[in-house]
Amino acid sequence: MLSKLKLHGGAELLFDGVKNHHVTLPGQSDPWDMKQLLAWIRGNMLKERPELFMQGDTVRPGILVLINDADWELMGELEYQLQDQDNVVFISTLHGG
Amino acid sequence: MCQVEEDYNGLECKQEKIPVPTLNRKCMKCKEGTAVLIIRVNDSFCRSCFKEYFIHKFRAMLGKNRVIFLQEKGLSREAPKKLRFVPGIIYIDDGGACGRSAEERQRSNALLKSIFTETGFTYFIVSLEQVFSLPTSVLVPGTSDPDPSNPSYKQAVDQYIKEKQTLTEENVASAVAQLSIEDSAYSPEHKLALERLFSSMKTLTAKEDMLQTLRSHLILHIARENGYSKVMMGDSCSRLAVKLLSNIALGRGAALASDTGFSDPRYGDVVIVRPMRDYSSKEIAFYSRMFNVPSVFISGLDTQTHDKTSIQRLTESFVTNLQSDFPSTVSTIYRTSEKLHTVMPPQSQTAEPASKCLLCLCTLDTKVDKASAFHATLVSEQLSQIKLQDPSLDAPAQSAEQCCTEGQGCGPGGCCSSNR
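Thresholds, definitions, all that
- Residues numbered from 1 in each chain as written.
- Chains lettered and ligands numbered in written order.
- Predicted model: local features only at pLDDT ≥ 70, side-chain atom pairs only at ≥ 80, totals over all residues.
- Heavy atoms only, no water.
- UniProt positions renumbered as here; feature names shortened; annotations may be inferred.
- Contact = heavy atoms within 4.5 Å.
- Buried area = accessible area lost by both parts, 1.4 Å probe.
- Salt bridge = Lys/Arg side-chain N within 4 Å of Asp/Glu carboxyl O.
- Polar contact = N/O pair within 3.5 Å; in protein donor to acceptor, adjacent residues only side chain to side chain.
- Helix = DSSP H or I, 4+ residues; strand = E, 2+ residues; numbered from the N terminus.
- Pairing = 2+ DSSP bridges.
- Buried < 20%, exposed > 50% of the residue type's maximum accessible area, 1.4 Å probe, protein only.
- Phe/Tyr/Trp six-rings, centres within 6.5 Å; stacked < 30°, edge-to-face > 60°.
- Lys NZ or Arg CZ within 6 Å of the ring centre and 35° of its normal.
- Arc of directions from axis to C-beta.
- Core = buried A, V, L, I, M, F, W, Y, C linked by side-chain atoms within 4.5 Å.
- Axes fitted to C-alpha atoms, helices over the stretch in contact; angles between N-to-C directions.
- Parallel < 35°, antiparallel > 145°, perpendicular 65-115°, else oblique.
- Left-handed = near helix turned anticlockwise from the far one by under 90°.
- Nonpolar A, V, L, I, M, F, W, Y, C, P; charged D, E, K, R; others polar.

Going by what an unreviewed UniProt entry lists, chain B is known as Cytoplasmic tRNA 2-thiolation protein 2 and is assigned to Sinocyclocheilus rhinocerous. As its UniProt record puts it under Sequence similarities (unreviewed entry), chain B is described as follows: "Belongs to the CTU2/NCS2 family." As stated in UniProt under Function (unreviewed entry), the record for chain B gives "Plays a central role in 2-thiolation of mcm(5)S(2)U at tRNA wobble positions of tRNA(Lys), tRNA(Glu) and tRNA(Gln). May act by forming a heterodimer with CTU1/ATPBD3 that ligates sulfur from thiocarboxylated URM1 onto the uridine of tRNAs at wobble position."

Looking up chain A in an unreviewed UniProt entry gives the name Ubiquitin-related modifier 1, with the organism given as Sinocyclocheilus rhinocerous. Listed in UniProt under the heading Subcellular location (unreviewed entry), the comment for chain A reads: "Cytoplasm". Recorded in UniProt under Sequence similarities (unreviewed entry), the annotation for chain A is "Belongs to the URM1 family."

Below is the structure:
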């Protein structure tokens, strides 16, 4: 399943400074949800300082998540099930990255 | 209020979030469009209603505070009230204090320059190093308008309208183009001086504080030099809540009203205003994203630092984390700060003007009697610098003794002195 990830506001610093990522998530029987996506990002993409991106199962407070240009709070946050070609954007609003 | 023993029918008292079905919500304003954003606890907006809300809030903020002049009479009744002022943009390149390389700075300056040129406004890109070439008059507040409640507001607007009518479009464009400066050149001495200044400070807290002070002086100078009477800062509600609490921790409680209020009159001739203080970081980030406001990310002093590296950073972490469980945190802090007002001392020709702090240009609050926070700070400082000399000294010296168990005396800095 293909997904486009974008990082802004300083969040890109944790991903080698690269803002745009096209990722192919490994196939699985159940659909991917955001919780799994975040875990996958932590395991496969985060180059350093995971605590600056995630806190527990979810993103660190202060990092906004948009799915297809809409607030993820309107789509169920961690429970949202990803669809093929979905756009996910992470924007950091914090001073400390 | 929340008592552990009482049964609230299963409702969790810990969190304020009310679980409401949020999938495919409609915009709460037009009731038609699908909501794309949710702010505060339950306010969902569709794209166009959000844009309207955002812009309206800005105008309302300026109109309510009557500090910036709005054109009062439109050309026709249908034309919306337009904001009539000519803005300039200022960017301070503080890479020298943050440890960025010359290439990095040039790169981001170039990006910013292209963004600024697109806007068509006058812009100033200034390096922080230039603060060393400022005249000392920067540290003296200018004379302010003797009558703040401005009957001249109306006159000023009328006069402005007259002036505006004499400028043609071509004139304005070329005049503006000539005014823009990109003055990022700085001498090696200044560069060294800045680096030395910042490396002499032991804590990140002190560095961040100094950076703010130097930036303010530079902004003030540029504003004065170029005839600007107002400077708009971009502090959001979220950032101001953090600033409020950090400043209290830093001992700036007396200046809270001017540090975080809508208008900051401490400089006299130049007024600092904060029109974004009603917007949360989320609203601003979403607006920028949705409506393609170009932005450049620039690392600062505390980027990617651990939570506990400075007071400001710790406060930001504290407030942001609290906000996620209790979504009214930031707005409560903000509402509290709105209740603080700057007290304008009565202007009198004969009385001497109150002395001002050299660094922040706020009125000094140090001529107070012994029963004050200031005095307590002084005593605390003295105690922590006491040298280990006379064993017959009482308790304060003993605690100094305990940490000097190595047998070495406290040096001039004192091993127990607080460097904060």
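Having seen it, we continue.
(A) Broad picture of the interface of chain A and chain B. Listed per partner, the contact involves 30 residues of chain A and 29 residues of chain B. Buried area between chain A and chain B, summed over both chains or domains, comes out near 2,400 Å², and the portion from carbon and sulfur atoms is 55%. Taken together, the connections running from chain A to chain B amount to three salt bridges. Linking Lys282(B) and Glu73(A) is a salt bridge whose minimum nitrogen-to-oxygen distance equals 2.8 Å. The interface formed by chain A and chain B includes eight residue pairs in polar contact (both at pLDDT 80 or more). Among the secondary structure elements, those contributing two or more residues to the side of chain A that touches chain B are β1 (2-8), β5 (63-67), β6 (70-71) and β7 (86-92) of chain A.

(B) Layout of the sheet that holds strand β6 (residues 230-232) of chain B. All names here are of chain B. Strand order in the open sheet formed by three strands is β6-β8-β7, with mixed pairing between adjacent strands. The two strands at the open ends of the sheet, each matched to only one other strand, are β6 and β7 (263-264). Across three bridges, β6 lies against strand β8 (residues 271-273) in parallel orientation. Looking across to β8, one finds that Lys-230 is bridged to Val-271.

(C) Quick look at the side chain of Ser384(B). All names here are of chain B. By the element assignment, Ser-384 lies in helix α13 (residues 373-384). Exposure remark for Ser-384: the relative accessible area of 18% places this residue in the buried category. Looking at Ser-384, its side chain comes within polar contact range of the main-chain oxygen of Ser-380, at 3.0 Å.

(D) Broad picture of the packing of aromatic side chains. Here the structure, examined in full by the defined rule, presents 12 aromatic pairs over all chains. Ring centres 5.3 Å apart and planes at 80° place the aromatic pair Phe15(A) and Phe53(A) in the edge-to-face group. With Phe15(A) in the loop between β1 and β2 (20-24) and Phe53(A) in the loop between α1 (34-44) and β3 (54-55), this pair connects stretches of sequence that are 38 residues apart. For the pair shown, Phe15(A) and Phe53(A) are each scored as buried. Seen from their ring centres, Phe54(B) and Tyr279(B) are 4.4 Å apart, and the 40° between their planes marks the pair as tilted. A residue pair is termed long-range when its members are at least 10 positions apart, and Phe54(B) in helix α1 (residues 47-65) and Tyr279(B) in the loop between β8 and α10 (281-290) qualify at 225 residues. Overall, the relative accessible area of 8% leaves Phe54(B) in the buried class. Taken together, the ring pairs connect Phe45(B), Phe50(B), Tyr53(B), Phe54(B), Tyr279(B), Tyr287(B) and Phe291(B) into an aromatic cluster. The cationic tip of Lys57(B) hangs over the ring face of Tyr279(B); the distance from NZ or CZ to the ring centre is 4.7 Å.

(E) Here's a closer look at helix α12 (residues 329-338) of chain B. Residue and element names in this part refer to chain B. Among the residues of α12, Thr-329, Val-330, Ile-333, Tyr-334 and Ser-337 are the ones counted as buried. Buried residues in α12, looked at end-on, bunch into an arc of 130°, giving them a common side. As for α12, its buried residues are in contact with α1, α8 (237-249), α9 (256-260) and α11 (311-325).

(F) Expanded view of the pairing of β2(A). Residues and elements named next belong to chain A. Of the two faces of β2, the one lined by His-21 and Val-23 is fully buried and the one lined by Asn-20, His-22 and Thr-24 carries no buried residue. When β1 meets β2, the two strands line up antiparallel, connected through five bridges. Note that in β2 the partner of Leu-5 across the bridge is His-21.

(G) Structural view of the nonpolar core. Counting residues in hydrophobic clusters, the biggest one holds 54 residues, and the most contacted among them are Met34(A), Ile41(A), Phe53(A), Phe90(A) and Phe50(B). If you list the elements that add at least two residues to this core, you get β1, α1, β5 and β7 of chain A together with β1 (37-39), α1 and α10 of chain B. In contact with Phe90(A), other than residues within four places in its own chain, are Leu5(A), Lys6(A), Leu7(A), His8(A), Ala11(A), Leu38(A), Ile41(A), Phe53(A), Val59(A), Ile63(A), Leu64(A) and Val65(A). Grouped together as the second largest cluster of nonpolar side chains are 26 residues, Ile92(B), Phe124(B), Ile222(B) and Leu361(B) included.

(H) Spatial organisation of the packing of α8(B) against α12(B). Residues and elements named next belong to chain B. It is the contact of α8 with α12, at a shortest axis distance of 9 Å, that shows an interaxial angle of 65°. As far as their axial angle goes, α12 and α8 are roughly perpendicular. When the axes of α8 and α12 are compared, the crossing they make is left-handed. Contacts between α8 and α12 involve Cys-237, Ser-238, Ala-241, Leu-244 and Leu-245 from the former and Val-330, Ile-333, Tyr-334 and Ser-337 from the latter. In terms of residue class, the contact of α8 with α12 is built from seven nonpolar, two polar and no charged.

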